[in-house]
Amino acid sequence: MFVTDFRRDFYDVIQTERVLLFVASDVDALCACKILQALFQCDHVQYTLVPVPGWQELETSFLEHKDQFHYFILINCGANVDLLDILQPEEDRIFFICDTHRPVNVVNVYNDTQIKLLIKQDDDLEVPAYDDIFRDDEEEDEEDEEQSGSESEGSEPSGKRTRREEDVIERTLKRRQRREWEARRKEILFDYEQYEYHGTSSAMVMFDLAWVMSKDLNDMLWWAIVGLTDQWIQDKITQMKYVTDIGILQRHVSRHNHRNEDEENSLSIDCTRIAFEYDLRLALYQHWSLYDSLCNTCYTASRLRLWSVQGQKRLQEFLADMGLPLKQVKQKFQAMDVSLKENLREILEESANKFGMKDMRVQTFSIHFGFKNKFLASDVVFATTSLLENIEKDASGTDNFIRALDSLSRSNLEQLYQGLELAKKQLRAIHQTVASCICTNLVISQGPFLYCYLMEGTPDVKLFSKPASLGLLSKYLLQSFICSTKNKRCKLLPLVMAAPMSMERGTMIVVGIPPETESSDKKNFFGRAFEKAAESTSSRTLHNHFDMSGKRLPFLPPHGSLVTQGSGVILGNHWGGGLGTPPNLSFHPVRGPGEKPHVQILLGSRSRASQKPPELSLEDQELLGAERLGL
């Protein structure tokens, strides 16, 4: 059930209770958690915080704590599945769900007792009507069947026989209407659930709650800004949605940070100050060198094609056009000559237009802590994401979560600077991996999709075993491949990306992203496509991430490539955000020369659905049968 009054139906209910807080491992969820923690601290609300990276951790944590709590809050998890079916809670347990994942599960929407959805209804939800999804006449049908069974026994007078015939005709019509209703229901649910997308930032939802309660602070506003920026960097929302929400937050920024110029109302330089800026679209450039930022930002590196010699020459021409000497751009931005930094944004934007980069500046916000510390919202997003997905051997998932959460506090800037250094390493690794994939032709165009597999032994491959890092790499690679190829049709194709996840367990992670087009609505079909392919082939897969477009598979391809082959699994008619038909996905055991059988992804187009799969040896056929029987 959607909560209409967050203060009355949510906060006032839990204010005197002890609650359990489940928080997903993404930056937006962390920001929403920080806002909620600040509110709880103001009102002395007792709570327990549990980080949940995936569905397995959520189920395990709930089973561990279900007897101690009656109220549960879920941030960025739980809305897009039938939560009660997964957790099987007692009837007196109440779940408050603040989640950006769409579509919202219809059972959660129409459950009035245990599920409370903290979701803005001004989002384009398009929830089906109750009567189109649920029927209340199942018991009547059962009674009709029992009555028909009892009436069929023994001989009956002619009058009763006539009435009985009329009853049979009536029940037949009811059954036909029910079959038609079920067919229509199935079609409605498919149209509603086929695409995955994201709604309003959870951090913004929590900030709205604080604002309604007149408890909003500058720190809370900054966390809401960071949560929105995370959605934009991770490519979860459209540019129009981002600009609209930026406008909403800008009004709050003006309200909180406006001071008169007289001495009584002047703001101390040590206070937190947030400002709206029309800044450069360069990653971490204020904490890096301008040269490194240009080379490792997805937008500039892909359009200048910096993986090639010609691209490096274009970069030199770009810097020369701006009139910036190499000595200046290769040192730290803070150490550059003040005369060069004064008009840098205007100069860089003017030169970028000449080189085809017309969107070099973007609307964003910055925060100041005194004279020394200034951060853009994108800086904090990159730093916090890197801390969340740190791959150091002695760092557990819970430790990473706590460090990332601490980095959002202004009292812990040292942790934030550590995250910035990790983010620089991540961006360098992404740029080098993209250059390697393009130069060695690892991106394969086959039919209506592109795919790429990172082979075992690839530098920094362990970094891309994390979903957010692999998602950033996939986005970077798709944009770079589009800029490098002469085939215009590739601009309309989605990308399937696979990388080793765990060498010890022999697993890999697969993600899919929609086509990179200007009119993209950021809706992703791959979640349902992966589920359908795994179901139709009885393959062993694990879907543990809250985003539906990621999948963990229990295999590692022996030759580091994915086979293109029609599987006969038709998954849909079109892609969200682009033209073309979706690939058919299947999983199939294959054998390399002198190796044990492995399972490999089979990807194919609709036009190849009639082709036969490759013939298997008798031993491989026995393996496939054992896999399907769960042996």
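If you're wondering where the values come from, they're calculated on a predicted model, not measured in any experiment.

*Asks:* So what's going on with the sheet that holds strand β10 (residues 373–376)? Residues and values would help.
*Replies:* Taking strand neighbours across the sheet as the criterion, the three strands line up as β8-β9-β10 in an open arrangement whose pairing is antiparallel. Edge positions in the sheet fall to β8 (272–280) and β10, since each has one partner strand and no second. Adjacent strand axes in the sheet meet at a mean angle of 25 degrees, parallel and antiparallel pairs treated alike. Judged from the four bridges that link them, strand β9 (residues 361–369) and β10 form a sheet pairing that is antiparallel. Bridge pairing links F369 to N373 in β10. Lying on the sheet, helix α11 (residues 239–257) is in contact with β8 and β9; it crosses β9 at an angle near 30 degrees. The sheet strands contacting helix α18 (residues 377–388) are β9 and β10, and the helix crosses β10 at an angle near 85 degrees.

*Asks:* A description of the pairing of β9 should follow, citing residues and the corresponding values.
*Replies:* When you tally the buried positions in β9, you get eight out of nine residues, the bulk of the element. Bridge analysis of β8 against β9 gives nine bridges, and the strand direction is antiparallel. Of the residues in β9, the one forming a bridge with R273 is H368.

*Asks:* Residues and numbers for the packing of α18 against helix α19 (residues 397–407), please.
*Replies:* One way to put it is that α18 packs onto α19 with a least axis distance of 7 Å and a crossing angle of 160 degrees. In terms of orientation, α18 and α19 fall into the roughly antiparallel class. Between α18 and α19 lies a crossing whose hand is right-handed. Across the interface between the two elements, T384, L387 and L388 from α18 touch N400, F401, R403, A404 and S407 from α19. Residues of the contact of α18 with α19, tallied by class, amount to four nonpolar, three polar and one charged.

*Asks:* A description of the side chain of S386 should follow, citing residues and the corresponding values.
*Replies:* Take S386: it is sitting in helix α18. Apart from the residues within four sequence positions on either side, S386 is in contact with G419, L422, A423 and Q426.

*Asks:* With reference to specific residues and values, describe helix α10 (residues 218–233).
*Replies:* Between its first and last C-alpha, α10 extends 22 Å over 16 residues, near the 22 Å set by a 1.5 Å rise per residue. Within α10, 15 of the 16 residues are buried, leaving the element largely enclosed by the surrounding structure. Following α10 by one or two positions, D235 has its phi on the positive side, about 65 degrees.

*Asks:* Pulling in residues and values, what's your account of the pairing of strand β13 (residues 495–502)?
*Replies:* Here β13 lies mainly inside the structure; seven of its eight residues are buried. In terms of strand pairing, strand β12 (residues 449–453) meets β13 through four bridges, oriented parallel. Pairing of Y451 across the sheet is with V496, part of β13. As a crossover connection, the stretch from β12 through helix α21 (residues 467–484) into β13 is right-handed. Relative to strand β14 (residues 507–513), β13 runs antiparallel, the two being bridged by seven bridges. Its bridge partner being in β14, A499 is matched across the sheet by I509. Connecting β13 to the next strand, β14, in antiparallel fashion are four residues, including G506 with a positive phi near 70 degrees.

*Asks:* An account of the layout of surface pockets is needed here, citing residue identities and associated values.
*Replies:* Of the volumes computed, that of the second largest pocket is approximately 1,400 Å³. R281, Y299, R303, Q479 and E516 are the residues nearest the centre of the second largest pocket, which is lined by 46 residues in total. Put simply, the parts of the chain that give the lining of the second largest pocket at least two residues each are α10, α11, β8, α13 (298–304), β9, α18, α20 (413–439) and α21. For the lining of the second largest pocket, the element with the most residues is α21, which contributes six residues. Partitioning the lining of the second largest pocket into residue classes produces 22 nonpolar, 12 polar and 12 charged. Both of domain 2 (216–429) and domain 3 (442–554) provide at least three residues apiece to the lining of the second largest pocket.

*Asks:* Describe the packing of aromatic side chains, listing the residues and the values that go with them.
*Replies:* Evaluated as defined, the whole model comprises 22 aromatic pairs. Seen in terms of ring centroids, F375 and Y417 are 5.5 Å apart; in terms of plane orientation they differ by 55 degrees. Their pairing is tilted. With F375 in strand β10 and Y417 in helix α20, the pair connects residues that are 42 residues apart, well separated along the chain. The class for F375 is buried, based on a relative accessible area of 1%. With a relative accessible area of 32%, Y417 lands in the partly exposed category. Members of the aromatic cluster, joined through ring pairs, are F22, F62, F69, F72 and F95.

*Asks:* Let's hear about the packing of helix α9 (residues 202–212) against α11: which residues, and what values?
*Replies:* Viewed as axis vectors pointing N to C, α9 and α11 meet at an angle of 35 degrees, and their least axial separation amounts to 13 Å. Two packed elements cross with a definite hand, and for α9 against α11 that hand is left-handed. From α9, M204, F207 and W211 reach across to α11, where they touch D245, I248, L249, H252 and R255. When grouped by side-chain class, the residues that make up the contact of α9 with α11 number five nonpolar, one polar and two charged.

*Asks:* Give me the lowdown on the sheet that holds strand β6 (residues 115–117), citing residues and values where you can.
*Replies:* For sheets, the rule is that strands pair by backbone hydrogen bonds, running either parallel or antiparallel. On the basis of which strands lie adjacent, the open sheet formed by five strands has the order β2-β1-β3-β4-β6 and parallel pairing. Each edge of the sheet is formed by a strand with only one pairing partner; in this case those strands are β2 (47–51) and β6. On average, each strand axis in the sheet is tilted by 20 degrees relative to the strand beside it, whichever way the strands run. Pairing of strand β1 (residues 19–23) with β2, which is carried by five bridges, proceeds in the parallel orientation. Looking at β2, one finds that L21 is bridged to L49.

Each value, and the rule that gives it
Residues numbered from 1 in each chain as written. Predicted model: local features only at pLDDT ≥ 70, side-chain atom pairs only at ≥ 80, totals over all residues. Heavy atoms only, no water. Pairing = 2+ DSSP bridges. Helix = DSSP H or I, 4+ residues; strand = E, 2+ residues; numbered from the N terminus. Axes fitted to C-alpha atoms, helices over the stretch in contact; angles between N-to-C directions. Contact = heavy atoms within 4.5 Å. Buried < 20%, exposed > 50% of the residue type's maximum accessible area, 1.4 Å probe, protein only. Parallel < 35°, antiparallel > 145°, perpendicular 65-115°, else oblique. Left-handed = near helix turned anticlockwise from the far one by under 90°. Nonpolar A, V, L, I, M, F, W, Y, C, P; charged D, E, K, R; others polar. Expected span 1.5 Å × (residues − 1). Right-handed = clockwise from strand over helix to strand, strands pointing away. 1 Å grid on protein atoms, 1.4 Å probe; cavity = no way out; pocket = protein on both sides within 12 Å on 5 of 7 lines; lining within 4 Å. Points joined across faces, edges and corners; volume = space filled by probe spheres on them. Domains from an automatic or database assignment. Phe/Tyr/Trp six-rings, centres within 6.5 Å; stacked < 30°, edge-to-face > 60°.

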